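Here is what each chain is made of, one letter per residue.
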Amino acid sequence: MHQQVNPQGHHPSQDYELKDTNPQLGERWPTRGGGYGGKGWMSGGERFTTTYNLVEQMFYLYIRVVKAKDLPLSSITSSCDPYAEVKLGNYKGRTKHFEKKMNPEWNQVFAFSKDRVQSSVLEVFVKDKEMVGRDDYIGRVVFDLNEVPTRVPPDSPLAPQWYKLEERHGGGKVKGEIMLAVWMGTQADEAFSDAWHADAAFVQGEGVSSIRSKVYISPKLWYLRVNVIEAQDVVPIDKSRMPEVFVKAQVGNQVLKTKICPTPTMNPLWNEDLVFVAAEPFEEQLVLTVEDRVHPSKDDVLGRISLPLHIFEKRLDHRPVHSSWFNLERFGFGVLEADRRKEFKLSSRIHIRACLEGGYHVLDESTMYISDQRPTTQQLWKQSVGLLEVGILGAQGLLPMKMKDGRGSTDAYVVAKYGQKWVRTRTILNAFGPKWNEQYTWEVYDPCTVITLGVFDNCHLGIFEKKPGASTTRDSRIGKVRIRLSTLEANRIYTHSYPLLVLHPSGVRKMGELQLAIRFTSLSLAHMIYIYGHPLLPKMHYLHPFTVNQVENLRYQAMNIVAVRLGRAEPPLRKEVVEYMLDVDSHMWSMRRSKANFFRVMSLISVVISMSRWLGDVCHWKNPVTTVLVHILFLILIWYPELILPTLFLYMFVIGLWNYRFRPRHPPHMDTKLSWAEAMHPDELDEEFDTFPSSRPSDAVRMRYDRLRSVAGRIQSAVGDLATQGERFESLLSWRDPRATSLFIAFCFCAAVVLYVTPFKVAALVTGLHMLRHPRFRSKLPSVPVNFFKRLPARTDSLL
């Protein structure tokens, strides 16, 4: 039962590896002595650099239909309901129609991919919409595609002009004119994002907006800290007993409770902190209720108050804020008891200290894959250290995700998340090898961050009929890519094809490949080095840290708020997309992840075992030459003990230089072997995809099973953290982070030189006194070596 099996069959390992690509990045424009028009080609290098130099250029024929005038009336209906139709070969696009309007204004743009153009003539028709029967033909305008000008940004848009309508077969002019602009351009054109594309002709309803590329901004998140101090004159409903009082606080869907006051009294004291996540604009209110524990299964509400969040002070550091008393409204009286309600309205009050924390970074993603670590308030933001540019080129070999007209189909789009900025590419319809060629830019404030890109199948195009009783349609996951910026060399363009790997109940499956072009530009090397010696998160996380349980709960609440707010955009970035991008289920127990973390630790221990075996071979004279050299080195170090530390640092310096030849040439990616995803028993996969709580039939088994998974999940995280620390040691000299390794080997060289000229006793004295220094001379913030070490990359980036 526990033998290792490969449920997905025999997949060569190279299918899951990164592949180098050689795309034709940048611009190539047709030229003929000017900006518009074109024979011959001019490369992007001959022009100024633009924001589209990391993608392949795609040409489109643009038609802007502005308006029409003096259209004739129908001889049958004595009115005109006009619309325009653009026809290019087999492709047709039409504007909306206006009822009874002789001078309609459409102002719509149509885009036809040049690669799909199979006609030399463009026709623009003006027709009269009929309620019954065939639409009436009014007139048309014909363009020869060989005469269409080419627009080269940043030139101004081509001015539209009036064209007289002619009969269908060119027999002469008819009454009416239409204003048009026709030009050849690229995806860099301003009209591209709002244009109607020929391949989206069948998209209806909400799908029209959901196929366009958009940029989203995460809501600004705050931690709301509520310090519940005390209450006065709390009157129980049952006057014969003293109340056992606690306070319940609620912000939106977040509910927290204080402990029950240990002494039954009418003036209870708690002095407890409750922390919530709130998002601007503040739509929810803080609702405080004072409740009396009458019975283990019954609580009486004694008072209630609702406070808007904007009244609370925003603080940037740990300075104390003022506390306030608030009167509680008596709860539970009927409408007919207005006098009693007035009597008790001011009888009870509560003392709280509340503030909005601006000095923390509100975590909505795992710290292992954090993409932003700036505090909430912009006043504490530092200047950016670099620029991240990502060209989303295309995908290859995507698998069919749904059925359409009896055939498999995939309508893919890409979502990229870094910092507060989310981007979504346009949806390429019915294509297993889509080409997006869209480029996006982010400011980088810390190089030790991760950008996440996910590929999804769009299931909200308005063309699929929902079956009765079917659940709500969800966009399907195709795969995810994570790239740590610190593993990128500055000012180098990385062009790779990343395998899209997803774990299914049947095993790991490759869903296709995503082609990216990435460039990280460093603005200041000195500032970059300065960043490496500072804490990863704002100092408030170290001066007044949250507990582990608080961090997990707050992260879950923050992720829900982000999902809800982004789901209210148009088009919405749906909850399933946000959850997949933010790794909502990363903390859940998995036998596979536990195995992966265990073997990560074992691989580190194996290095120590190998060194002990080598030492045993030296002692047993397996290689006499090596043993003699070790004897000579041993005698020198014993005779001159002051050479031990400098020699150690010098060896690490030499090893670091030697490993430079073998440095990684590309960013790390999902490793199926490291993730223990290729050899799993079906029962283990069933356990991983089981619901939580478990769906097992027996109540007792379910209870034990869930308890085991909860405990094992903590063990899994602890083992993973242990493995991460060891891998960070390993990455000191591996050039996984080029800047960190450069800094470390430079430090090793300087330390070796200093220790060669400094007596050993002096160095030992200084080190000992520094370690034993008085707490007055210590800082609560982590030291520079600790900050440097925490920023080093680990193999967590390669975990699936």
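Our structure is the block above this text.
Quick caveat, the model's predicted, so the values are computed rather than measured.

## Some points on helix H3 (residues 525-532)
Consideration 1: If you check which residues of H3 are buried, you get His527, Met528, Ile531 and Tyr532. Buried residues of H3, viewed axially, fall in a sector of 145°; they line one side.
Consideration 2: Looking at the packing, one finds that the buried side of H3 touches strand S33 (507-522), helix H12 (738-757) and helix H14 (784-790).

## Re the layout of surface pockets
Consideration 1: A volume near 1200 Å³ is recorded for the second largest pocket.
Consideration 2: If you trace the second largest pocket, you find 31 residues lining it, with Met652, Phe729, Leu732, Leu733 and Phe744 closest to the centre.
Consideration 3: Those elements that place two or more of their residues in the lining of the second largest pocket are H3, helix H7 (591-619), helix H8 (624-639), helix H9 (644-659), helix H11 (699-730), H12 and H14.
Consideration 4: Classifying every residue of the lining of the second largest pocket by side-chain character gives 29 nonpolar, one polar and one charged.

## A few points about the side chain of lysine 480
Consideration 1: On the secondary structure map, lysine 480 appears in strand S31 (residues 476-484).
Consideration 2: A polar atom in the side chain of lysine 480 sits 2.8 Å from the backbone oxygen of tyrosine 580.
Consideration 3: Side-chain polar atoms of lysine 480 contact the side chain of aspartate 583, separated by 2.7 Å.
Consideration 4: Discounting residues that sit within four places of it in the chain, lysine 480 has contacts with Thr452, Leu453, Gly454, Leu500, Tyr580, Asp583, His669 and Met670.

## What about a nonpolar patch on the surface?
Consideration 1: Together, Trp621, Val625, Val628, Leu629, Ile632, Ile636, Trp639 and Tyr640 line one region of the surface with nonpolar side chains, adding up to about 870 Å² of accessible area.
Consideration 2: Here tryptophan 639 shows up in helix H8.
Consideration 3: With relative accessibility at 67%, the residue tryptophan 639 sits in the exposed group.

## Points about the environment of threonine 150
Consideration 1: On the secondary structure map, threonine 150 appears in the loop between strand S9 (136-144) and strand S10 (161-166).
Consideration 2: Along the chain, threonine 150 and tyrosine 60 lie 90 residues apart, while their C-alpha atoms are 9.9 Å from each other.

## Considering the sheet that holds strand S15 (residues 245-251)
Consideration 1: If you trace the five strands from one edge of the open sheet to the other, you get S16-S15-S18-S19-S22, paired in antiparallel fashion. Either end of the sheet is taken by a strand with one partner, and the two such strands are strand S16 (254-257) and strand S22 (329-330).
Consideration 2: The sheet contact formed by strand S19 (residues 298-308) and S22 spans two bridges and is antiparallel. Considered in S22, the bridge of arginine 304 is made with glutamate 329.

## Concerning empty space enclosed by the protein
Consideration 1: A complete count under the given rule lists four cavities of 30 Å³ or more for this structure.
Consideration 2: Approximately 180 Å³ is the volume found for the largest cavity.
Consideration 3: If you trace the largest cavity, you find 16 residues lining it, with Leu221, His361, Val362, Asp372 and Gln420 closest to the centre.
Consideration 4: Its residues assigned to classes, the lining of the largest cavity comprises five nonpolar, five polar and six charged.

## Description of the packing of H3 against H12
Consideration 1: Here H3 crosses H12 at 80°, and the two axes come no closer than 11 Å. Classed by the angle they form, the pair H3 and H12 counts as roughly perpendicular. On H12, the residues touching Met528, Ile529 and Tyr532 of H3 are Arg739, Ala740 and Leu743.
Consideration 2: Along the lines of polarity and charge, the residues of the contact of H3 with H12 split into five nonpolar, no polar and one charged.

## Thoughts on the sheet that holds strand S29 (residues 435-444)
Consideration 1: If you trace the five strands from one edge of the open sheet to the other, you get S1-S32-S33-S24-S29, paired in antiparallel fashion. Whereas interior strands pair on both sides, the edge strands pair on one side only; in this sheet they are strand S1 (19-20) and S29.

How each quantity is defined
Residues numbered from 1 in each chain as written. Predicted model: local features only at pLDDT ≥ 70, side-chain atom pairs only at ≥ 80, totals over all residues. Heavy atoms only, no water. Buried < 20%, exposed > 50% of the residue type's maximum accessible area, 1.4 Å probe, protein only. Helix = DSSP H or I, 4+ residues; strand = E, 2+ residues; numbered from the N terminus. Arc of directions from axis to C-beta. Contact = heavy atoms within 4.5 Å. 1 Å grid on protein atoms, 1.4 Å probe; cavity = no way out; pocket = protein on both sides within 12 Å on 5 of 7 lines; lining within 4 Å. Points joined across faces, edges and corners; volume = space filled by probe spheres on them. Nonpolar A, V, L, I, M, F, W, Y, C, P; charged D, E, K, R; others polar. Polar contact = N/O pair within 3.5 Å; in protein donor to acceptor, adjacent residues only side chain to side chain. Patch = residues over 30% accessible without salt bridge, like charges linked within 9 Å, V, L, I, M, F, W, Y side chains within 5 Å. Areas by Shrake-Rupley, 256 points an atom, 1.4 Å probe, with all protein chains shown as cover. Salt bridge = Lys/Arg side-chain N within 4 Å of Asp/Glu carboxyl O. Pairing = 2+ DSSP bridges. Axes fitted to C-alpha atoms, helices over the stretch in contact; angles between N-to-C directions. Parallel < 35°, antiparallel > 145°, perpendicular 65-115°, else oblique.

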